[in-house]
Amino acid sequence: MDLKKGQNIIDVFDALLQSTDPALAHVRVAADAWTLTEIVGHLVDSAANNHQRFARLISGNLEQFPPYDAELFVTVQQYDGCDFAEMAKFWRQYNWMLMHIMRAIPATALENMWQRPDGAKSLRTLVEGYFEHIEMHTDQYCERMQKVKDLARI
């Protein structure tokens, strides 16, 4: 679990958010494609869900946790109606808190397990997966940004 690398992943995405023209953040390139603001909203959901998972797993094993439906959550929370700069700031602040929590995880808690229908996952695996998830969405965000810019030029 390399928290320094994880902080770098967060910093890279944060720099991307800071370089985003807010005028482009709500452009939908296709009916089934999230806007840039919705991608950030999804990552806020990820932070919120993982916040609960991390805190609960620090205390012991986790038997049950509600499922997360990304499409439904983005739709019902209407992230595209949010101010982009505020969403970016909220994501940044939430990740500041998560990094604080991750730094405080006792070594003895890293192998605490979350029992999932598709198999158990350790707290260590969830933390590592959290950063991988941000990296995946960083790539998605960059690709979407390019599509938005191409569309705006037409």
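Cut-offs applied
- Residues numbered from 1 in each chain as written.
- Predicted model: local features only at pLDDT ≥ 70, side-chain atom pairs only at ≥ 80, totals over all residues.
- Heavy atoms only, no water.
- Helix = DSSP H or I, 4+ residues; strand = E, 2+ residues; numbered from the N terminus.
- Contact = heavy atoms within 4.5 Å.
- Patch = residues over 30% accessible without salt bridge, like charges linked within 9 Å, V, L, I, M, F, W, Y side chains within 5 Å.
- Areas by Shrake-Rupley, 256 points an atom, 1.4 Å probe, with all protein chains shown as cover.
- Salt bridge = Lys/Arg side-chain N within 4 Å of Asp/Glu carboxyl O.
- Lys, Arg positive; Asp, Glu negative; His and termini not counted.
- Charge placed at Lys NZ, Arg CZ, Asp CG, Glu CD.
- Buried < 20%, exposed > 50% of the residue type's maximum accessible area, 1.4 Å probe, protein only.
- Core = buried A, V, L, I, M, F, W, Y, C linked by side-chain atoms within 4.5 Å.
- Polar contact = N/O pair within 3.5 Å; in protein donor to acceptor, adjacent residues only side chain to side chain.
- Phe/Tyr/Trp six-rings, centres within 6.5 Å; stacked < 30°, edge-to-face > 60°.
- Lys NZ or Arg CZ within 6 Å of the ring centre and 35° of its normal.

K.L.:
How should the side chain of Asp14 be read in this particular structure?
P.N.:
Within the fold, Asp14 resides in helix α1 (residues 3-18). If near-sequence neighbours (up to four positions away) are discounted, Asp14 is found in contact with Trp91 and Arg92.

K.L.:
Would you take a moment to explain a negative patch on the surface for this structure?
P.N.:
A cluster of like negative charges, contributed by Glu128, Glu132, Glu135, Asp139 and Glu143, occupies part of the molecular surface. Secondary-structure assignment places Glu143 in helix α5 (residues 123-153). Residue Glu143 is classed as exposed on the basis of its relative accessible area, which comes to 54%.

K.L.:
Teacher, can you tell me more about the nonpolar core here?
P.N.:
If you look at soluble globular proteins, the nonpolar side chains tend to sit buried side by side. In terms of nonpolar packing, the biggest core is built from 42 residues, with Phe54, Trp91, Met102, Phe131 and Tyr141 touching the most fellow members. Listing elements by their share of this core, those giving two or more residues are α1, α2 (36-59), α3 (70-76), α4 (84-103) and α5. Once you skip the residues sitting within four places of it in the chain, Trp91 turns out to touch Ile10, Phe13, Asp14, Leu17, Val40, Leu43, Val44 and Ile134.

K.L.:
I would appreciate a short explanation of the side chain of His137 in the present structure.
P.N.:
Relative to the helices and strands, His137 is located in helix α5. Judged by its relative accessible area of 6%, His137 falls in the buried class. A polar contact of 2.5 Å, which involves the side chain of His137, links it to the side chain of Gln140. Apart from the residues lying within four places of it in its own chain, the contact partners of His137 are Phe13, Trp34, Ile39, His42 and Leu43.

K.L.:
Whenever I open this one, the packing of aromatic side chains confuses me. Can you help?
P.N.:
Aromatic rings considered in pairs are described by the distance between their centres and by the relative angle of their planes. This model, assessed by the stated rule, comprises seven aromatic pairs. Each ring, one from Phe54 and one from Tyr130, has its centre 6.2 Å from the other, and the planes form 85 degrees; the classification is edge-to-face. One end of the pair, Phe54, is in helix α2; the other, Tyr130, is in helix α5, with 76 residues separating them in the sequence. Using a relative accessible area of 0% as the deciding quantity, one classes Phe54 as buried. In this arrangement the basic side chain of Arg116 is found over the ring face of Trp114, its NZ or CZ atom lying 4.8 Å from the centre.

K.L.:
Honestly, the pattern of salt bridges in this entry has me stumped. Any pointers?
P.N.:
Between side chains of opposite charge, a pair can form when the charged atoms approach closely. Summed over all chains, the structure comprises seven salt bridges. With a closest N to O distance of 2.6 Å, Arg92 and Asp14 form a salt bridge. Of this pair, Arg92 sits in helix α4 while Asp14 sits in helix α1; the two residues are 78 residues apart in sequence, bridging distant segments of the chain. Residue Asp14 is classed as buried on the basis of its relative accessible area, which comes to 11%.

K.L.:
What is the right way to look at the environment of Asn95 in this model?
P.N.:
Looking at where Asn95 falls in the secondary structure, it is placed in helix α4. The buried category is assigned to Asn95, whose relative accessible area is 1%. For the pair Asn95 and Leu57, spaced 38 residues apart in the sequence, the C-alpha separation amounts to 18 Å. Not counting residues within four places of it along the chain, the set of residues in contact with Asn95 comprises Ile10, Tyr130 and Ile134.

K.L.:
Whenever I open this one, the environment of Glu86 confuses me. Can you help?
P.N.:
Looking at where Glu86 falls in the secondary structure, it is placed in helix α4. In this structure the C-alpha to C-alpha distance between Glu86 and Asn50, which are 36 residues apart in sequence, comes to 21 Å.

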